[in-house]
Amino acid sequence: MTTLADYLTNHLQQHANDSVLSSALQSTIQTIAEVGVDISKLLQRGALADIHGEAGNQNVQGEEQKKLDVISNDMLLDALSKNPVCAGVASEELDDSTPANANGELLVLFDPLDGSSNIDINMSVGTIFSILPYKNKGQTACNEDFLQKGREQLASGYVIYGTSTMLAFTTGQGVVMFALDPSSDEFVLIEENVTIDPSTKEYAINMSNYRHWLAPMRQYIDELNAGETGVRGKNFNMRWIGAMVGDVHRILCRGGLFSYPTDTKDPKKPAKLRLMYEANPMALLIEQAGGLATDAITDILDIEPTEIHQRVPVVLGSSEEVERVRELHG
Ligand code: AFP
């Protein structure tokens, strides 16, 4: 049995070009995992812990915050700010980043509880994280320090609170998965070198937005829905969890395509998902597992961020499907 602590010590130090950075990564992932255990316990108590319902505030995206969004956000912010390797933290739930130790090595971005509308109905939610190098050591970190391309991420991952709690992450050498053993509160390694089959028969998309998509996306979904009788010559099945973390976890487990594409519903908001808190960390995981992640034209990891809360269209998963979407977008 390999615990998370064992894995991080052995694996990161083995592959370390820079041992200081490696130790910093190790301790940051450990901090996030520890908070993940605490969030998992709160979720298990559910309604009994009085964490269901709205907190009465709106976040920077203008969305109602759930009580547990706020609680998880505070727990992560507090734990990461106290970790001396952390120079700054940015959360999907907060307008601006929060500086931590100016001499720290890393910046951490997170979505404390992705899919939070699933909380009250007892469905999967998750914590998504992205870790970037801090390039202005000695100075107080500000929003601009976080504006680095996804390719610069040192690590990314998520904790999914589902029928069991699992942690998946990458430090740029493949994707590993751990399961939480509730009897010891330890994450235990269950899979190394997670890989996504290039071919799939499963897709995830919010079909209710069909009429708002651009023509190439409508064409792609029409092709899938035509099944055996259409140009693809095979039947596809659809799954939609309503939490990106759940849909991405399924893709890492058994392949598939996930998309939240460009949407013409609201001209001020042509995409839903956030580059820095959702798209970048998931894109790194997907690429590291052999899949592809794009906005339909450009690889997500090559998008130059202009602000920390920016939104992007997302198409990710099994490579044959992502390629087909790209092809249709010309
Ligand atoms: P919430 O965290 O606000 O519930 O949003 C989750 C999410 O950003 C992403 O995880 C889902 O894929 C997507 O929204 C689902 O959105 P809709 O089903 O509402 O279109």
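Throughout, a residue's number is its position along its own chain's written sequence, starting from 1. Where totals are concerned, whole chains, interfaces and linings use all residues; where local detail is concerned, this predicted model gives features only for residues with pLDDT of at least 70, and gives and counts side-chain atom pairs only at 80 or more. The basis for the side-chain values is all heavy atoms of the structure; hydrogens and waters are excluded.

**Student:** I would appreciate a short explanation of the site of the ligand in the present structure.
**Tutor:** The near set for a molecule or strand comprises every residue that places at least one heavy atom within 4 Å of it. Taken together, 16 residues are adjacent to the ligand, and Asp 114, Gly 115, Asn 206, Met 244 and Tyr 260 come closest. One of the backbone nitrogen or oxygen atoms of Met 244 is found 2.6 Å away from an oxygen atom of the ligand. In short, Shrake-Rupley with a 1.4 Å probe defines the accessible areas, and a residue's cover is counted only from the protein chains shown. Taken by itself the ligand offers 490 Å² of open surface, and the protein chains cover 82% of this. At the level of secondary structure, the elements contributing two or more residues to the shell around the ligand comprise β5 (106-114), β13 (257-260) and β14 (273-274). A breakdown of the residues in the shell around the ligand according to their chemical character gives seven nonpolar, five polar and four charged. In protein, a polar contact means a hydrogen-donor-capable atom and an acceptor-capable atom, both N or O and within 3.5 Å, with residues adjacent in sequence counting only if both atoms are side-chain atoms; elsewhere, any N or O pair within 3.5 Å suffices. Elements are defined by DSSP. Helices are runs of H or I of four residues or more, strands are runs of E of two residues or more, and each kind is numbered from the N terminus. We call Asp, Glu, Lys and Arg charged. Ala, Val, Leu, Ile, Met, Phe, Trp, Tyr, Cys and Pro are nonpolar, and the rest, Gly among them, are polar.

**Student:** What should I look at first to understand the sheet that holds strand β17 (residues 314-317) in this one?
**Tutor:** Backbone hydrogen bonds are what pair the strands of a sheet, in a parallel or an antiparallel way. Across the sheet, five strands lie side by side as β12-β11-β13-β17-β15; this open sheet has mixed pairing. Across the chains shown, the open sheet's two edge strands, defined by having one partner strand only, are β12 (237-238) and β15 (292-294). The pairing of strand β11 (residues 202-204) with β13 spans two bridges and is parallel. Looking at the pairing, Ala 204 lines up with Phe 258 of β13. Any two residues whose heavy atoms approach within 4.5 Å are treated as being in contact. For helices, the fitted line uses only the C-alpha atoms of the stretch in contact; every axis is such a line through C-alpha atoms, and the angle between N-to-C directions lies from 0 to 180 degrees. The strands touched by helix α5 (residues 244-254) within the sheet are β11, β13 and β17, with β17 carrying the most contacts at an inclination of about 30 degrees. Here a strand pair is declared whenever DSSP counts at least two bridges between the two strands.

**Student:** Just to check I follow, could you spell out the pattern of salt bridges for this structure?
**Tutor:** Pairs may arise between side chains of opposite charge once their charged atoms sit close together. Between Lys or Arg on one side and Asp or Glu on the other, a salt bridge is scored when a side-chain nitrogen of the former is within 4 Å of a carboxyl oxygen of the latter. By the definition in use, this model includes 19 salt bridges. A salt bridge links Glu 92 to Arg 274; the shortest N-O distance between them is 3.5 Å. One end of the pair, Glu 92, is in the loop between β3 (86-91) and β4 (98-99); the other, Arg 274, is in strand β14, and 182 residues separate them in sequence. Judged by its relative accessible area of 4%, Glu 92 is buried. The buried label applies to any residue whose accessible area, calculated with a 1.4 Å probe on protein chains only, is under 20% of its type's maximum; exposed applies above 50%, and partly exposed to all values in between. Given the relative accessible area of 4%, Arg 274 is considered buried. Between Arg 151 and Asp 302 there is a salt bridge; the shortest N-O distance is 2.9 Å. Highlighted residues: Arg 151 in the loop between β6 (125-133) and β7 (155-161) and Asp 302 in the loop between β15 and β16 (311-312), separated in sequence by 151 residues. Judged by its relative accessible area of 32%, Asp 302 falls in the partly exposed class.

**Student:** Looking at this model, I keep getting lost on the side chain of Asp 69. Mind explaining?
**Tutor:** As for its position among the elements, Asp 69 is in helix α3 (residues 67-82). For Asp 69, the contacting residues outside a window of four places in its chain are Glu 93, Pro 112, Leu 113, Ser 116 and Ile 119.

**Student:** For this particular structure, what's the right way to read the environment of Lys 137?
**Tutor:** With respect to the element layout, Lys 137 can be found in the loop between β6 and β7. Considered as a pair, Lys 137 and Pro 313 are 176 residues apart in the sequence and their alpha carbons are 33 Å apart. The contact partners of Lys 137, leaving out residues within four places of it in the chain, are Ala 102, Asn 103, Gly 104 and Glu 105.

**Student:** Would you mind showing me how to read the packing of helix α4 (residues 215-226) against helix α7 (residues 319-328) here?
**Tutor:** For any two helices packed against each other, the geometry comes down to the angle between their axes and how far apart the axes lie. For the pair α4 and α7, interaxial distance at closest approach is 9 Å and the crossing angle is 135 degrees. Between α4 and α7, the angle falls in the class oblique. Regarding α4 and α7, the two cross each other, and that crossing is right-handed. Counting all contacts with α4, which are made through Pro 216, Met 217, Gln 219, Tyr 220, Glu 223 and Leu 224, the residues of α7 involved are Glu 321, Arg 324, Val 325 and Leu 328. When grouped by side-chain class, the residues that make up the contact of α4 with α7 number six nonpolar, one polar and three charged. These descriptions rest on fixed angle ranges, namely under 35 degrees for roughly parallel, over 145 for roughly antiparallel, 65 to 115 for roughly perpendicular, and the rest for oblique. Note on convention: near helix rotated counterclockwise from far helix by under a right angle means a left-handed crossing. Clockwise means right-handed.

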